[in-house]
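# Examination of the molecular architecture
Here's the letter readout for the chains.
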Amino acid sequence: MSSDLETDKARDVAAIERLKDQAAREAVRYIEDGMVVGLGTGSTARFMIQALGERVRDEGLRVWGLPTSEASTMQAREVGIPLTNFAAHPELDIAIDGADEVLNGTLFLVKGLGGALLREKIVASAAKRFVVIVDESKLVDHLGTKAPIPVEVVSWGWERAVHLLNKTGSIGCKPRMHRDGTLFVTDNGNMIIDCHYPSIEDPHALSEAIYDIVGVVDHGMFLNLTSEVLVAGHGGVRRMVP
Ligand SMILES: O=C[C@H](O)[C@H](O)[C@H](O)COP(=O)(O)O
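Source: prediction; values computed, not measured. (Residues numbered from 1 in each chain as written. Predicted model: local features only at pLDDT ≥ 70, side-chain atom pairs only at ≥ 80, totals over all residues.)

## Notes on the overall build of the protein
For the record, the criterion: Comment: elements are numbered from the N terminus, with helices defined as DSSP H or I runs of at least four residues and strands as E runs of at least two. Computation of the radius of gyration draws on C-alpha atoms alone. For the globule rule, the value is 2.2 Å times the number of residues to the power 0.38. The exposure scheme places C-beta atoms from the backbone and then counts, for each residue, the other C-beta atoms within 10 Å of its own, assigning buried at 20 or more, exposed at 12 or fewer, and partly exposed in between. A pair of residues counts as a contact when their C-beta atoms, built from backbone coordinates, are separated by no more than 7 Å.
In terms of regular secondary structure, the protein is built from six helices and 16 strands. The C-alpha radius of gyration of the protein comes to 18 Å, within 12% of the 18 Å expected for a compact globule of 242 residues. Structurally, the protein occupies a C-alpha span of about 55 × 55 × 35 Å along its principal axes. Taking all 242 residues of the protein together, 44% fall into the buried category. Residue pairs in contact within the protein that sit at least 24 positions apart in sequence constitute 76% of those at least 6 positions apart.

Here you go:
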């Protein structure tokens with residue numbers, strides 16, 4: 001790659017990172033004293049955890065965080081956010097997380113390319129308000145356009161799940177078990193299988209078909225969970241509701 005191209009690419013990456021930070025900081029403004037907050041996972045959620053840590057440190061904001069991965073737990077500890085769990089707080093005031101795709105209109109999501117979909121879905125469904133933070137490149141008109149659907153399956157007998165997943169969707173999916181040449185094992189000790197669907201006409205029907213497979217723990221489509229999406233673009237951050 002020529003150095004001009006490398007410079008352009010680095011500039012694009014930096015611009016996207018700034019947008020993620022903007023969306024994250026806007027969402028963190030929603031957090032009030034005494035709230036229990038679900039902490040998402042991924043590069044956008046990292047900005048949110050950082051910004052929340054700054055509010056805890058600089059304003060003395062009192063919150064409890066419930067992280068969705070070991071990585072987010074570690075970061076939250078580093079930035080000084082007190083942590084809780086479902087035993088102490090079975091219901092959350094708010095959860096904030098990134099997404100791999102946001103479907104225009106319904107605001108259905110694809111999540112889990114970082115492997116955290118199960119804990120993320122548990123946390124999102126436990127929150128009174130689920131706020132999604134993305135840069136505008138994540139908006140799509142059809143789910144599955146940019147990202148595969150990650151499916152978390154128990155490790156034992158995963159080959160059977162792959163066989164059955166291949167028959168889901170209107171014309172099947174292309175399941176891939178490997179990420180970076182290795183099997184992806186989640187924080188829960190399960191495996192992730194990425195399903196590439198050429199087109200997803202009916203997300204609810206596909207969701208049911210995937211859930212019907214014995215051994216599937218969950219999948220990365222988040223349907224009817226989103227309260228709002230904060231989308232950062234070059235004109236600023238806009239708020240979308242379903
Ligand atoms: O498992 C990972 C999560 O679902 C992330 O929220 C999602 O992959 C988006 O990550 P990022 O903000 O890094 O694009």
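## Section: the packing of helix α2 (residues 43–59) against helix α3 (residues 70–78)
Basically, it comes down to this: Axis angles are defined between N-to-C directions and span 0 to 180 degrees, where every axis is a line fitted to C-alpha atoms and, for a helix, only to the segment in contact. Working rule for angles: under 35 degrees goes down as roughly parallel, over 145 as roughly antiparallel, 65 to 115 as roughly perpendicular, anything else as oblique. Crossing handedness follows the turn of the near helix against the far one: under a right angle anticlockwise gives a left-handed crossing, and clockwise gives a right-handed one. All residues other than Ala, Val, Leu, Ile, Met, Phe, Trp, Tyr, Cys, Pro, Asp, Glu, Lys and Arg, Gly among them, are scored as polar; the first ten of these are nonpolar and the last four charged.
The N-to-C vectors of α2 and α3 enclose an angle of 25 degrees; their axes lie 9 Å apart at closest approach. Classified by the interaxial angle, the pair formed by α2 and α3 is roughly parallel. Judged by the twist between their axes, the crossing of α2 over α3 is right-handed. Taken together, the residues of α3 that come into contact with α2 (itself represented by Ala-45, Arg-46 and Ile-49) are Ser-72, Gln-75 and Ala-76. Looking at the contact of α2 with α3 residue by residue, the classes come out as three nonpolar, two polar and one charged.

## Observations concerning the sheet that holds strand β8 (residues 149–153)
Each strand in a sheet pairs with another by means of backbone hydrogen bonds, the pair being arranged parallel or else antiparallel. Under the convention used in this document: The criterion for strand pairing is that DSSP finds at least two bridges linking the strands in question.
One open sheet holds the four strands; their spatial order is β9-β12-β8-β13, and the pairing between them is antiparallel. Strands at the two margins of the open sheet, each flanked by one partner only, are β9 (174–176) and β13 (216–219). Strand-to-strand twist in this sheet, taken as the mean axis angle between neighbours without regard to direction, amounts to 30 degrees. As judged from the five bridges shared by β8 and strand β12 (residues 191–196), these two strands associate in the antiparallel manner. If you follow Glu-152 over to β12, its bridge partner there is Ile-192. The sheet strands contacting helix α4 (residues 117–126) are β8 and β13, and the helix crosses β13 at an angle near 70 degrees.

## Let's talk about the environment of His-142
Mapped onto the fold, His-142 is located in the loop between β7 (139–140) and β8. A tally of 14 C-beta atoms within 10 Å means that His-142 is categorised as partly exposed. Considered as a pair, His-142 and Leu-103 are 39 residues apart in the sequence and their alpha carbons are 6.3 Å apart. Among residues more than four places away in sequence, those in contact with His-142 are Ser-199 and Ile-200.

## Some details on the UniProt feature "active site" (unreviewed entry) in the protein
The condition that has to hold: UniProt positions are given in the numbering used here, feature names are shortened, and annotations may be inferred rather than shown by experiment.
Within this structure's numbering, the places UniProt gives as "active site" (unreviewed entry) are Glu-120. Mapped onto the fold, Glu-120 is located in helix α4. In contact with Glu-120, not counting residues within four places along its chain, are Gly-40, Thr-41, Thr-68, Asp-97 and Lys-111.

## What about the sheet that holds strand β5 (residues 109–110)?
One open sheet holds the four strands; their spatial order is β7-β4-β5-β14, and the pairing between them is mixed. Looking at which strands have only one partner, the edges of the open sheet turn out to be β7 and β14 (221–222). Sheet topology note: the β5/β14 ladder contains two bridges and is antiparallel. Paired with Val-110 across the bridge in β14 is Met-221.

## A look at the site of the ligand
Counted only if it meets this: Using a C-beta atom placed from the backbone for every residue, we mark a residue as near a molecule or strand if that atom lies within 6 Å of it.
In the neighbourhood of the ligand, 18 residues make up the surrounding shell, with Gly-42, Ser-43, Thr-44, Gly-98 and Gly-114 lying closest. With three residues, α2 is the largest single contributor of residues to the shell around the ligand. Grouping the constituent residues of the shell around the ligand by class yields five nonpolar, nine polar and four charged.

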